[in-house]
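# Chains, contacts and geometry: an overview
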Amino acid sequence: MNDSLLVNLHCHSNLSDGELSPEDLAERLAAAGVRIAALTDHDTVEGSARFREALTKHGVGCVAGVELTVRVEGGTAHLLAYGFDLASPQLGEALRQ
């Protein structure tokens, strides 16, 4: 018996630096057998609702995600964040900055 669960928690759509729309990305993940996924576009959650809706149609679970560009000593870094409220006004403000 195979107890594996395919998960992809670091996906980018064409709203960031990926090549596929959120819907096409969700379809491709479902076709590959992924059971849980997160859209982690750079500094935007613009495609998150579309991604979640498309995953749901394929029976795939979705985790809210984003890849934030943050300032660190000597430059920038990318910070992955998960499981937050996509409608949060504080998140929207942080992404605008």
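Right above here is the structure, for reference.
Residues numbered from 1 in each chain as written. Predicted model: local features only at pLDDT ≥ 70, side-chain atom pairs only at ≥ 80, totals over all residues. Heavy atoms only, no water.

Once that is clear, we can look at a nonpolar patch on the surface. A cluster of nonpolar side chains, L5, V7, L9, L80 and Y82, forms an exposed patch at the surface whose accessible area comes to about 400 Å². Elements with a contribution of two residues or more to the nonpolar patch: strand 1 (7–11) and strand 5 (75–82). With respect to the helices and strands, L5 occurs in the segment before strand 1. (Patch = residues over 30% accessible without salt bridge, like charges linked within 9 Å, V, L, I, M, F, W, Y side chains within 5 Å. Areas by Shrake-Rupley, 256 points an atom, 1.4 Å probe, with all protein chains shown as cover. Salt bridge = Lys/Arg side-chain N within 4 Å of Asp/Glu carboxyl O. Helix = DSSP H or I, 4+ residues; strand = E, 2+ residues; numbered from the N terminus.)

Turning next to the pattern of salt bridges. Taken as a whole and assessed by the stated rule, the structure comprises three salt bridges. For R50, the salt bridge goes to E23, with nearest N and O atoms at 2.7 Å. Taken together, the positions of R50 in helix 2 (residues 48–57) and E23 in helix 1 (residues 22–31) put the pair 27 residues apart, joining distant regions of the chain. A residue is classified by how much of its surface remains accessible, and R50, at 33% relative accessible area, is partly exposed. As a salt-bridge pair, E53 and K57 come within 3.8 Å of each other at their nearest N and O atoms. Here K57 and E53 lie together in helix 2, a separation of four residues that amounts to about one turn. Owing to a relative accessible area of 66%, K57 belongs among the exposed residues under this scheme. (Buried < 20%, exposed > 50% of the residue type's maximum accessible area, 1.4 Å probe, protein only.)

Turning our attention to the sheet that holds strand 2 (residues 36–39). Paired through backbone hydrogen bonds, the strands of a sheet run either parallel or antiparallel to each other. Strands sit in the order 1-2-3 across an open sheet of three strands; the sheet is parallel. The open sheet has two free edges, formed respectively by strand 1 and strand 3 (61–62), since each of these has just one partner strand. The sheet contact formed by strand 2 and strand 3 spans two bridges and is parallel. Among the inter-strand pairings, I36 is bridged to a residue of strand 3, identified as G61. (Pairing = 2+ DSSP bridges.)

Read these as layout, nothing more, since geometry by itself doesn't imply function.
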